[in-house]
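The lines below spell out each chain.
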Amino acid sequence: MVKKEEMVVTPWKVSGRIDYEKLIKQFGTQPIDEELLERIRGHTGRLHLQLRRGLFFSHRDLDWILDKYEAGEKFVLYTGRGPSGPVHLGHLVPWIFTKHLQDAFDAKLYFQMTDDEKFLVNPELTLEDTARFTYENALDLIACGFEPGKMVIIRDVKDIGHLYRIALRVAKHVNYSTVKAIFGFEDSSNIGIIFFPAIQAVPCFIASEEEGHNVPVLIPAAIDQDPYWRMTRDIASKLGYYKPAQMHCKFLPGLGKGGKMSASMPETCIFTTDTPEEVEQKVWNAFTGGRPTVKEQRELGGDPSICTVYAYFYYLFEEDDEEIAELERRCRTGGVLCGDCKKRLTERINRFLKVHQRRREEAKDILDKFLME
Ligand code: TRP
């Protein structure tokens, strides 16, 4: 019998087949249900694709944030990135959603670049490497359409002077056995990473400090970041702050069989700086739900539920609900071949990247306007 690979979801490792229902139970979060979706729709109009199709699937205190908002108390958004390499399409997914939330709720965004974290957890990376990725990744972030004045980029190493006081206050309330239980630290863990969770907690409280009164915070992020928020929520009231609320998303699969898109497997992920030829080649080699031969595909149909090409249409590139339903139907009934889908996806990605790459260049001129003062 083949042993099923165990599911592991921590901020630093994601592997195995991910069972999202189980994660909700394990982490003690809430599913984003119909009632909540209805409430969100009341504010945003038509639901964003990532909500309609369940990419954002879980939350903490989202109902509370909406109560506050409806009572006239505006919230800020907080998300971030560990700059350990170039940005790929999987990274852009929650950023695109965050931009949508920002527009719909007129919310300021704090974006943390954890160059310290990535230096500490990755034996290969130097501080120069993570500073360089911070710069490169910030260009991709800005290319998603954020405007100066509405987003602040926090670079941990450079901006530590703005963070340290709050980090110390957080750290004083968290003992080692708590972080050990939450993050799985061991005796061999370096002491930098043991302190680091206090730094990732800080942006939850910056707006409250700046404004001199409590400001609600909503964090849209992949579910693997949840351990940080468990810790942060635990100590928030001890420091006199609101608990940060969360919306959790799933991982976008890579183009290979199983697993999320990961820069450590470059052949299975589309980087934002890839050339049209590179995109074509990667998509061409993608894992699909197709049959081994055209004849079988025509007779038996394919399986979109395991197809990475379909997943890219579903979560990112096919906005039209009727079109996506039609694509699924045609795949299942053998009306479309994998080659057709791959060609179409390649075109869509390249069209998207053409615009993204232009904006990414333009971001170089305005990057300074997003930095902390
Ligand atoms: N730890 C995150 C990572 O490695 C980076 C991060 C910092 C973050 N603050 C965040 C991600 C808030 C999401 C939300 O990618």
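Residues numbered from 1 in each chain as written. Predicted model: local features only at pLDDT ≥ 70, side-chain atom pairs only at ≥ 80, totals over all residues. Heavy atoms only, no water.

Engineer: In this structure, what is going on with the nonpolar core? I would like to understand it.
Structural biologist: One recurring pattern in soluble globular proteins is that nonpolar side chains are buried together. Formed by 74 residues in total, the largest nonpolar core has its most connected members in Leu 51, Met 151, Ile 153, Leu 218, Met 247 and Ile 349. In terms of domain composition, this core takes at least three residues from each of domain 1 (20–251) and domain 2 (266–361). Val 76, Tyr 110, Ala 221 and Trp 229 belong to the second largest nonpolar core, which has 35 residues in total. (Core = buried A, V, L, I, M, F, W, Y, C linked by side-chain atoms within 4.5 Å. Buried < 20%, exposed > 50% of the residue type's maximum accessible area, 1.4 Å probe, protein only. Domains from an automatic or database assignment.)

Engineer: Any chance you could explain the domain arrangement of the protein chain here in plain terms?
Structural biologist: On domain assignment, one finds that the protein chain holds domain 1 (20–251) and domain 2 (266–361). Computed over C-alpha atoms, the centres of domain 1 and domain 2 are 30 Å apart. Across the contact, 19 residues belong to domain 1 and 21 residues belong to domain 2. Across the domain 1 to domain 2 interface the summed buried area is about 1800 Å²; carbon plus sulfur atoms make up 58%. On the domain 1 side of the interface with domain 2, the three residues burying the most area are Arg 53, Leu 89 and Ala 143, jointly 39% of the side's total. Viewed at the interface, domain 2 and domain 1 are joined by 7 salt bridges. For Arg 52, the salt bridge identified is with Glu 319, shortest N-O distance 3.6 Å. Summed over the shared surface of domain 1 and domain 2, the number is 15 residue pairs in polar contact (both at pLDDT 80 or more). Going through the elements one at a time, helix H3 (49–52), helix H5 (89–105) and helix H7 (127–143) are the ones with two or more residues in the side of domain 1 that touches domain 2. Here the residues of the side of domain 1 that touches domain 2 are counted per class, giving 11 nonpolar, 3 polar and 5 charged. (Contact = heavy atoms within 4.5 Å. Buried area = accessible area lost by both parts, 1.4 Å probe. Salt bridge = Lys/Arg side-chain N within 4 Å of Asp/Glu carboxyl O. Polar contact = N/O pair within 3.5 Å; in protein donor to acceptor, adjacent residues only side chain to side chain. Helix = DSSP H or I, 4+ residues; strand = E, 2+ residues; numbered from the N terminus. Nonpolar A, V, L, I, M, F, W, Y, C, P; charged D, E, K, R; others polar.)

Engineer: Is there a simple way to think about the site of the ligand in this case?
Structural biologist: Neighbouring the ligand are 14 residues, the closest being Tyr 78, Gly 82, Glu 117, Gln 200 and Gln 225. Here Glu 117 contributes a side-chain N or O atom positioned 2.8 Å from a nitrogen atom of the ligand. In this structure, Gln 225 approaches the ligand through a side-chain N or O atom, which is 2.9 Å from a nitrogen atom. No other element matches strand E5 (residues 76–81), which puts 4 residues into the shell around the ligand. Looking at the shell around the ligand residue by residue, the classes come out as 4 nonpolar, 7 polar and 3 charged. (Near = heavy atom within 4 Å.)

Engineer: I tried to follow the side chain of Gln 112 on my own but got confused; where do I start?
Structural biologist: Residue placement: Gln 112 occurs in strand E6 (residues 109–113). Leave out the neighbours within four places in its chain, and Gln 112 touches Tyr 78, Thr 79, Gly 80, Arg 81, Ile 154, Asp 156, Ile 199, Gln 200 and Pro 203.

Engineer: Would you take a moment to explain the packing of helix H9 (residues 176–183) against helix H12 (residues 226–236) for this structure?
Structural biologist: Angle between the axes and distance between the axes are the two parameters that describe a pair of packed helices. The N-to-C vectors of H9 and H12 enclose an angle of 150°; their axes lie 10 Å apart at closest approach. In this view, H9 runs roughly antiparallel relative to H12, as classed from their interaxial angle. Seen along the crossing, H9 lies across H12 with a hand that is right-handed. Seen from H9, the contacting residues are Val 179, Ile 182 and Phe 183; seen from H12, they are Pro 227, Tyr 228, Arg 230 and Met 231. (Axes fitted to C-alpha atoms, helices over the stretch in contact; angles between N-to-C directions. Parallel < 35°, antiparallel > 145°, perpendicular 65-115°, else oblique. Left-handed = near helix turned anticlockwise from the far one by under 90°.)

Engineer: Looking at this structure, I do not really get the packing of helix H8 (residues 156–172) against helix H11 (residues 203–211). What am I missing?
Structural biologist: Contact geometry for H8 and H11: axes closest at 10 Å, N-to-C directions at 115°. Once H8 is placed against H11, the crossing between them reads as right-handed. Only Phe 205, Ile 206 and Glu 209 of H11 make contact with H8, whose side of the interface consists of Leu 163, Ile 166, Arg 169 and Val 170. For the contact of H8 with H11, the per-class residue count stands at 5 nonpolar, no polar and 2 charged.

Engineer: Would you mind going over unusual backbone geometry with me for this structure?
Structural biologist: Note: most residues except glycine have negative phi, and most peptide bonds are trans. Non-glycine residue Asp 61 carries a positive phi angle of around 60°. In this structure, Asp 61 sits in the loop between strand E4 (56–60) and helix H4 (62–70). Residue Asp 61 is classed as partly exposed on the basis of its relative accessible area of 24%. For Asp 106, which is not glycine, the phi torsion reads 50° and is therefore positive. Inspection of the secondary structure puts Asp 106 in the loop between H5 and E6.

Engineer: What exactly am I supposed to notice about a negative patch on the surface here?
Structural biologist: Side chains of Asp 33, Glu 34, Glu 35 and Asp 63 sit close together on the surface and give a patch of like negative charge. The topology assignment puts Glu 35 in helix H2 (residues 34–44). With a relative accessible area of 61%, Glu 35 lands in the exposed category. (Patch = residues over 30% accessible without salt bridge, like charges linked within 9 Å, V, L, I, M, F, W, Y side chains within 5 Å. Areas by Shrake-Rupley, 256 points an atom, 1.4 Å probe, with all protein chains shown as cover. Lys, Arg positive; Asp, Glu negative; His and termini not counted. Charge placed at Lys NZ, Arg CZ, Asp CG, Glu CD.)

Engineer: What should I look at first to understand the environment of Phe 196 in this one?
Structural biologist: With respect to the helices, strands and loops of the structure, Phe 196 is situated in helix H10 (residues 191–201). Counting along the chain gives 79 residues from Phe 196 to Glu 117, while the straight-line C-alpha distance between them is 6.6 Å. Each residue touching Phe 196, except ones within four places of it in the same chain, is listed here: Thr 114, Asp 116, Glu 117, Leu 120, Asp 156 and Tyr 228.

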